[in-house]
Amino acid sequence: MSNILIHSTYFPNIAHFVAMLQADSITIEWDDNFQKQTYRNRCYVYGANGKLSLNVPVIHTQKQRQKYRNVKIQNTENWQRNHWKSLESAYRTSPFFEFYEDDLKFLFETPFENLYDFNTLCFNTICTCLQLDLSVEKSLEYIHQPPDKVDYRQLVNAKREKPFGFEKYIQVFSEKHGFIENLSILDLLFNEGPNAISYLESQSLNCHD
């Protein structure tokens, strides 16, 4: 058990939740700069054609850098409706989609302006679905190498190629495309329901490479 530092992401993936469930306390990085090609504004689910990326469009500023907590969502396109349609198409036949549908749908029907705030609400909603009570706080400043926390901020990198070796569970299209590991927590939730907690607690991370 440990105190960890981790990024806020869009419907965090399995690795993020494995790290959080094994921690005594969780500090969410709040003072970092926004970077592209990360899970800050994307998640991966299992669609009919395999791994499917859901991206939240954001407004980029003229400046070279902007704080992640200040990033605004680009709402000129109806990305929320598209994301929900994709989830319905991917998971309508999963064992627990209908069970959690009403708890999650509002996230795709209500306009949001701030990406960090939206991600936080998505995370809190998932915790409610899983009946998880986690000790979470925000960081006060950016520290390159925190001396008192296990640093899991590298998990935000969406381009990681080394597999985690997570245990297989039944996925909707696994007979067609095989098992795909480390997808969004949504995949585990819709396929495993309340058993998701036991699954997460039984996995381990080997990400300090």
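For the structure itself, consult the block above.
Quick look at the structure, then. Source: prediction; values computed, not measured. (Residues numbered from 1 in each chain as written. Predicted model: local features only at pLDDT ≥ 70, side-chain atom pairs only at ≥ 80, totals over all residues. Heavy atoms only, no water.)

Looking now at the packing of helix H3 (residues 97-104) against helix H4 (residues 115-130). For the pair H3 and H4, the least separation of the axes is 10 Å and the interaxial angle reads 140°. Overall, the two elements H3 and H4 adopt an arrangement that is oblique. Every pair of crossing elements has a handedness; the one defined by H3 and H4 is right-handed. Touching Tyr-100, Asp-103 and Leu-104 of H3 are Thr-125, Ile-126 and Cys-129, all from H4. (Axes fitted to C-alpha atoms, helices over the stretch in contact; angles between N-to-C directions. Helix = DSSP H or I, 4+ residues; strand = E, 2+ residues; numbered from the N terminus. Parallel < 35°, antiparallel > 145°, perpendicular 65-115°, else oblique. Left-handed = near helix turned anticlockwise from the far one by under 90°. Contact = heavy atoms within 4.5 Å.)

Moving on, we get to the sheet that holds strand E1 (residues 3-6). The strand order across the open sheet built from four strands is E7-E2-E1-E8, with neighbouring strands paired in parallel fashion. At either end of the open sheet lies a strand with only one pairing partner, and these are strand E7 (136-138) and strand E8 (150-151). Contacts from helix H1 (residues 14-21) reach E1 and strand E2 (25-28) within the one sheet, and its direction differs from that of E1 by about 155°. (Pairing = 2+ DSSP bridges.)

This paragraph deals with the packing of aromatic side chains. Under the counting rule described, the total for this entry stands at 18 aromatic pairs. With a centroid separation of 5.8 Å and 35° between ring planes, the pair formed by Phe-17 and Phe-123 is classed as tilted. In this pair, Phe-17 is assigned in helix H1 and Phe-123 in helix H4, connecting sequence segments 106 residues apart. Both residues of the pair, Phe-17 and Phe-123, belong to the buried class. Centroid distance Tyr-39 to Tyr-44: 6.1 Å. Interplanar angle 85°. Geometry classified as edge-to-face. (Phe/Tyr/Trp six-rings, centres within 6.5 Å; stacked < 30°, edge-to-face > 60°. Buried < 20%, exposed > 50% of the residue type's maximum accessible area, 1.4 Å probe, protein only.)

Our focus in this paragraph is the state of the cysteines. Counted according to the given criterion, the structure contains zero disulfides. The thiol of Cys-127 is unpaired, and the distance to the nearest cysteine sulfur, on Cys-129, comes to 9.3 Å. Given the relative accessible area of 7%, Cys-127 is considered buried. (Disulfide = S-S within 2.5 Å.)

Glancing now at the pairing of E1. With four bridges connecting them, E1 and E2 associate as parallel partners. Across the sheet, the residue bridging to Ile-4 is Ile-26, located in E2. Read as a crossover between parallel neighbours, the route from E1 over H1 to E2 is right-handed. Here E1 runs beside E8; their pairing, made up of two bridges, is parallel. Each residue of the ladder has a partner; that of Leu-5, found in E8, is Asp-151. (Right-handed = clockwise from strand over helix to strand, strands pointing away.)

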